[in-house]
Amino acid sequence: MASPFYITTPIYYVNARPHLGHAYTTIAADVIRRFHTMSSDQTYFLTGTDEHGDKIVRAAKKENRTPREYVDQVSGLFRKLWPELNISNDYFIRTTDPAHMAVVETILQRIYDAGDIYFSEYEGLYCFGCERFYTERELVDGCCPDHQSPPETIKESNYFFKMSRYQQWLIDHIKQHPDFIRPKRYRNEVLAFLREPLDDLCISRPKSRIKWGITLPFAPEYVTYVWFDALLNYVSALGYPDGELYKTYWPVAQHIVAKDILKPHGIYWPIMLKAAGIPVYQHLNVHGYWNVDQSKMSKSIGNVVEPLEMKNVYGLDAFRFFLMRDMVFGLDSNFSEEALVQRINADLANDLGNLFSRVLTMAHKYFDGVVPEPNPDVEKEMDLGLESNARAAIDTYTASMGEFAFHKGLAAVWEFITHMNKYVDVTAPWVLAKNKATRKQLETVIYNLLEGLRIISGLIYPVMPDTAANMQKHLGLAGDDDFYKLARLTSWRGLKPGVKLRKSISLFPRIDLDKKQRQSMEKAGSQKMDKPIKSEITIDDFSKIDLRVATVVSAQAVPRAKKLLQLEVDLGEKRTIVSGIAGSYTPEELVGKQVIVVANLKPAKLMGVLSKGMLIAATDDAGVTVATLDKSVTPGTPLS
Ligand code: ME8
């Protein structure tokens, strides 16, 4: 019988456009949902937008819009993005939906009636960015840890939720259910937090301060705090309390969030559920951050990665694959286009793409594009462990994917792809084809390879659904809706001899990063000619940039990065700087040169090398020219 499976993403704030981080969580949810359909589970996948609160009102004001106009527009951006990324959500919830608002009121009233909400005057440290009060011990150097600004002291009467009453219950629940919060590091983090007494949660905001929210049913002059509203989306979307979806899916609920919202999901949410008499969720799955150039993505640094841009440049499946393969679920990861291109070229173009086109080409050359019949006389002899490798890959894959260890699941598939490539080399079908006496062997080898590809096409389905479908069609399985089901993949010999194959194709063309970079540099170069002078800055703005003279002590190429050179420079102290000038300078040409360096630029890792500073250079159609001085000066001399 099909088991139910329910997965949710956070509902995203509509105060910013969707970026790489939102895309990652939502793609991870899509992957896990598709993985469960492989076992024929009955699945439900929810995402949506979080639209109430101060943050949103301020963002709307900045754009001269009413909150309603503003939330409709930004929520629309999320809703339109997901199909572009092949996200298969069943429902998209908005906290401004009347049905959701009604559920929030019902649950608030229920908790109030049970005596777990009380009214009290409160003076505290409030961060407007987070829309919450902080205790002294939560602050870092007197500032909000997220916004790095000091909170304001405000005094007001408010409603409070008696979280403290449920503290011991929550500790016991987490201890009795070791994988309630996973991976373990986040479970430990929550337990560590629960070692201190839990403060009650202020769950209201007076309407005199903010109106854009859900009115407390027992106090019309107050709206509810955003987290109380937002978290309830996970049950309201299912039609709590009587909906069929609620009855089927709530008992098996799993959430995915990043570590930023561990506390609301690991502490507030289970306690809210307990107080409302609703069973708690099954698992909270917590992942780390995608950083860009080792820093958190932010508009002010200008390192925000747009998912659609990545899709348009590199292809959707390659982008999805990179995100799932490169991040260890639970840990932080660094995003760079260079790493993305390396993955595409190595794993997708080389390992999988070459295998696929090689095997199809041979099937056409030797068997006119028809799946040959494996020969029972030589089947065992020609297997060479391929079938057991396939089984081992499927076993590791299923165990890993089920625990959200996507990188491990994919690594197991790629191990099998490596076996397949070795199998081609060892069996050498082109040699078998030369001799009539080895026809049986050739039939069996090509059959086995096609069969291996069938299994691979199924295993990659959750992460790369389009590529899986493309492989499926080429393997003569078009119209077979169950081609990726685990039951089908675990039986070897699933491919029917005699079936017509399509002509070979290149699944993933190799990407020439240098060419891509050259093109974008050329574009930038031509733009530079007519690029207007930037807007005025003050002398104070300029003085923030610490320009220094530095002497290049040594220089060398950076492995696997044709554009980059690693320089050791002396600017009064020794520094390593990585610079994209390899196309225009040899390392030898640079040694001894005096160059100009931005000495206080935030360090960034480039191709694994930590670069502390940046060389000043000009780029035009002729390439890159490094700025130097007219006469030699003492290393470290500042420029002004
Ligand atoms: O917190 N790396 O919404 P939000 C990985 N509305 N994931 C990232 C990321 C990054 N650099 N940046 C964002 C909210 N995310 C609340 C949630 S739920 C009841 C209410 C992802 O728009 C990640 O999933 O700030 C993170 O938890 C979420 O976006 C935060 O989204």
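Keep in mind the model is a prediction, meaning the values are calculated, not measured.

What counts, and at which threshold
Residue numbering note: each chain is counted from 1, following its sequence as written. The predicted origin of the model limits local features to residues at a pLDDT of at least 70 and limits the giving and counting of side-chain atom pairs to 80 or more, whereas totals for whole chains, interfaces and linings rest on all residues. By convention in this description, side-chain values take in all heavy atoms of the structure and omit both hydrogens and water. For the purposes of this entry, the term helix denotes a DSSP run of H or I that reaches at least four residues, the term strand denotes a run of E that reaches at least two, and both are numbered from the N terminus. Burial classification: accessible surface area is computed with a 1.4 Å probe over protein chains only, and a residue below 20% of its type maximum counts as buried, one above 50% as exposed, and the rest as partly exposed. What sets the accessible areas is the Shrake-Rupley method with a 1.4 Å probe; for residues, cover comes only from the shown protein chains. In this count, Lys and Arg are taken as positive residues and Asp and Glu as negative ones, while His and the chain termini are left out. Charge placement uses NZ in Lys and CZ in Arg. For Asp and Glu, CG and CD serve respectively. Only centres within 6.5 Å qualify two rings of Phe, Tyr or Trp (six-membered ring in Trp) as a pair; their planes then separate them into stacked at under 30 degrees, edge-to-face at over 60, and tilted for everything else. Only lysine NZ and arginine CZ atoms are considered, and such an atom sits over a ring when it is within 6 Å of the ring centre and within 35 degrees of the ring normal. Residue count minus one, scaled by 1.5 Å, sets the expected span of a helix. The directions considered for the arc run from the helix axis to the C-beta atoms. Whether two residues are in contact is decided by their heavy atoms, any of which lying within 4.5 Å being enough. For salt bridges, the criterion is a side-chain nitrogen of Lys or Arg within 4 Å of an Asp or Glu carboxyl oxygen. Residue ranges assigned to the domains are those given by an automatic or database domain assignment. Buried area: the sum, over both parts, of the accessible surface (1.4 Å probe) that disappears when the two are put together. Counting of polar contacts relies on pairs of N or O atoms within 3.5 Å, with two restrictions inside protein: one atom must be capable of donating a hydrogen and the other of accepting it, and residues adjacent in sequence are counted only when both atoms are side-chain atoms. Gly counts as polar in this scheme, as do all residues outside two lists: the nonpolar Ala, Val, Leu, Ile, Met, Phe, Trp, Tyr, Cys and Pro, and the charged Asp, Glu, Lys and Arg. Pairing between strands requires that DSSP locate at least two bridges from one strand to the other. Angles shown run from 0 to 180 degrees and are taken between the N-to-C directions of axes, each axis being a line fitted to C-alpha atoms and, for helices, limited to the stretch in contact. With strands facing away from the observer, any crossover in which the path from the first strand over the helix to the second runs clockwise is taken as right-handed.

### A word on the overall build of the protein chain
Turning to step 1, where the next piece is worked out: When you go through the protein chain residue by residue, the secondary structure sums to 22 helices and 25 strands.
Turning to step 2, where the next piece is worked out: Judged by the C-alpha coordinates and their principal axes, the protein chain covers about 90 × 80 × 45 Å.
Turning to step 3, where the next piece is worked out: Residues counted as buried form 53% of the 640 residues belonging to the protein chain.
Turning to step 4, where the next piece is worked out: With an accessible surface of roughly 29000 Å², the protein chain has 51% of that area assigned to carbon and sulfur atoms.
Turning to step 5, where the next piece is worked out: Treating the 77 positive side-chain charges of the protein chain as one cloud and the 77 negative ones as another, the clouds have centres 3 Å apart.

### Digging into the packing of aromatic side chains
Aromatic ring pairs are defined here through the distance separating the ring centres and the angle between the ring planes.
Turning to step 1, where the next piece is worked out: Enumeration according to the criterion identifies 33 aromatic pairs in this entry.
Turning to step 2, where the next piece is worked out: Centroid distance F119 to Y159: 4.7 Å. Interplanar angle 45°. Geometry classified as tilted. Here the residue F119 occupies a position in strand β4 (residues 117–127), and Y159 occupies one in strand β6 (residues 152–161), the gap between them amounting to 40 residues.
Turning to step 3, where the next piece is worked out: Residue class for F119 comes out partly exposed when judged on its relative accessible area of 47%.
Turning to step 4, where the next piece is worked out: With centroids separated by 4.7 Å and ring planes inclined at 80°, the aromatic side chains of Y122 and F133 adopt a geometry described as edge-to-face. Of this pair, Y122 sits in strand β4 while F133 sits in strand β5 (residues 132–134), and the two are 11 residues apart along the sequence.
Turning to step 5, where the next piece is worked out: Here a set of aromatic residues connected by ring pairs shows up, and it is made of Y6, Y44, Y234, Y249, W250 and W269.
Turning to step 6, where the next piece is worked out: The positively charged end of R185 is found above the aromatic ring belonging to Y186, 6.0 Å away from the centroid.
Turning to step 7, where the next piece is worked out: One residue, R209, lies across the ring of Y126, its end atom 4.8 Å from the ring centre.

### Comments concerning the environment of F356
Turning to step 1, where the next piece is worked out: Tracing the sequence through the fold places F356 in helix α13 (residues 337–367).
Turning to step 2, where the next piece is worked out: The sequence separation of F356 and P150 amounts to 206 residues, and the corresponding C-alpha distance is 58 Å.

### With respect to helix α14 (residues 386–402)
Turning to step 1, where the next piece is worked out: Between its first and last C-alpha atoms α14 spans 24 Å; for 17 residues at 1.5 Å apiece the expected length is 24 Å, and the two agree.
Turning to step 2, where the next piece is worked out: Here α14 has its buried residues at L386, A390, A393, I394, Y397, S400 and M401. Along the axis of α14, the buried positions cluster into a sector of 145°, meaning they face one direction only.
Turning to step 3, where the next piece is worked out: Lining the buried residues of α14 we find α1 (20–38), α15 (406–427), α17 (439–459) and α19 (486–489).
Turning to step 4, where the next piece is worked out: F404 lies just past α14 and shows a positive phi near 70°.

### A look at the side chain of E443
Turning to step 1, where the next piece is worked out: Within the secondary structure, E443 sits in helix α17.
Turning to step 2, where the next piece is worked out: One buried charge, E443, has no salt-bridge partner; the nearest side chain with opposite charge is R439, at 4.1 Å.

### Examining the domain arrangement of the protein chain
Often, the extent of an interface is quoted as the loss of accessible area upon association of its parts.
Turning to step 1, where the next piece is worked out: Assigned domains within the protein chain: domain 1 (4–287), domain 2 (332–489) and domain 3 (525–626).
Turning to step 2, where the next piece is worked out: Each of domain 1 and domain 2 has a C-alpha centre, and the two are 42 Å apart.
Turning to step 3, where the next piece is worked out: Domain 1 puts 18 residues into the contact, and the matching count from domain 2 is 19 residues.
Turning to step 4, where the next piece is worked out: Carbon and sulfur atoms make up 69% of the area that domain 1 and domain 2 hide from each other, which totals about 1500 Å².
Turning to step 5, where the next piece is worked out: Per-residue buried area on domain 1 facing domain 2 is highest for R34, F35 and M38; these three make up 41% of the total on that side.
Turning to step 6, where the next piece is worked out: The tally of links between domain 1 and domain 2 comes to one salt bridge.
Turning to step 7, where the next piece is worked out: The residue K259 makes a salt bridge to D332 at a minimum N-O spacing of 2.9 Å.
Turning to step 8, where the next piece is worked out: Counting across the domain 1 and domain 2 interface gives four residue pairs in polar contact (both at pLDDT 80 or more).
Turning to step 9, where the next piece is worked out: Secondary structure elements with two or more residues in the side of domain 1 that touches domain 2: α1 and β12 (253–258).
Turning to step 10, where the next piece is worked out: Residue contributions to the side of domain 1 that touches domain 2 peak at nine residues, all from α1.
Turning to step 11, where the next piece is worked out: The residue inventory of the side of domain 1 that touches domain 2, partitioned by class, reads eight nonpolar, six polar and four charged.

### Structural notes on the sheet that holds β4
Turning to step 1, where the next piece is worked out: The strand order β5-β4-β6-β8 describes an open sheet built from four strands, whose pairing is antiparallel. One side of each edge strand has no neighbouring strand; the edge strands of this open sheet are β5 and β8 (201–202).
Turning to step 2, where the next piece is worked out: The pairing of β4 with β6 spans 10 bridges and is antiparallel. Of the residues in β6, the one forming a bridge with E123 is K155.
Turning to step 3, where the next piece is worked out: Running at roughly 35° to β6, helix α10 (residues 262–276) makes contact with β5, β6 and β8 of the sheet.

### Remarks on the pairing of strand β19 (residues 574–579)
Turning to step 1, where the next piece is worked out: Counting buried positions over the six residues of β19 gives five, a clear majority of the element.
Turning to step 2, where the next piece is worked out: Direction of pairing for strand β18 (residues 561–570) relative to β19: antiparallel, over a ladder of six bridges. Opposite L567, over in β19, you have I577 as the bridge partner.
Turning to step 3, where the next piece is worked out: Here β18 folds back onto β19, and the loop between the two strands holds three residues, one of which, G572, carries a positive phi near 95°.

### Structural notes on the pairing of strand β1 (residues 4–13)
Turning to step 1, where the next piece is worked out: Burial analysis of β1 places eight of its 10 residues in the buried class, the great majority of the element.
Turning to step 2, where the next piece is worked out: The sheet contact formed by β1 and strand β2 (residues 42–50) spans eight bridges and is parallel. Of the residues in β2, the one forming a bridge with Y6 is Y44.
Turning to step 3, where the next piece is worked out: Handedness of the crossover is the feature at issue here: the chain leaves β1, passes through α1, returns alongside β2, and the resulting connection is right-handed.
Turning to step 4, where the next piece is worked out: Bridge count between β1 and β12: three bridges; the pairing is parallel. By the bridge assignment for β12, T8 is matched with H255.

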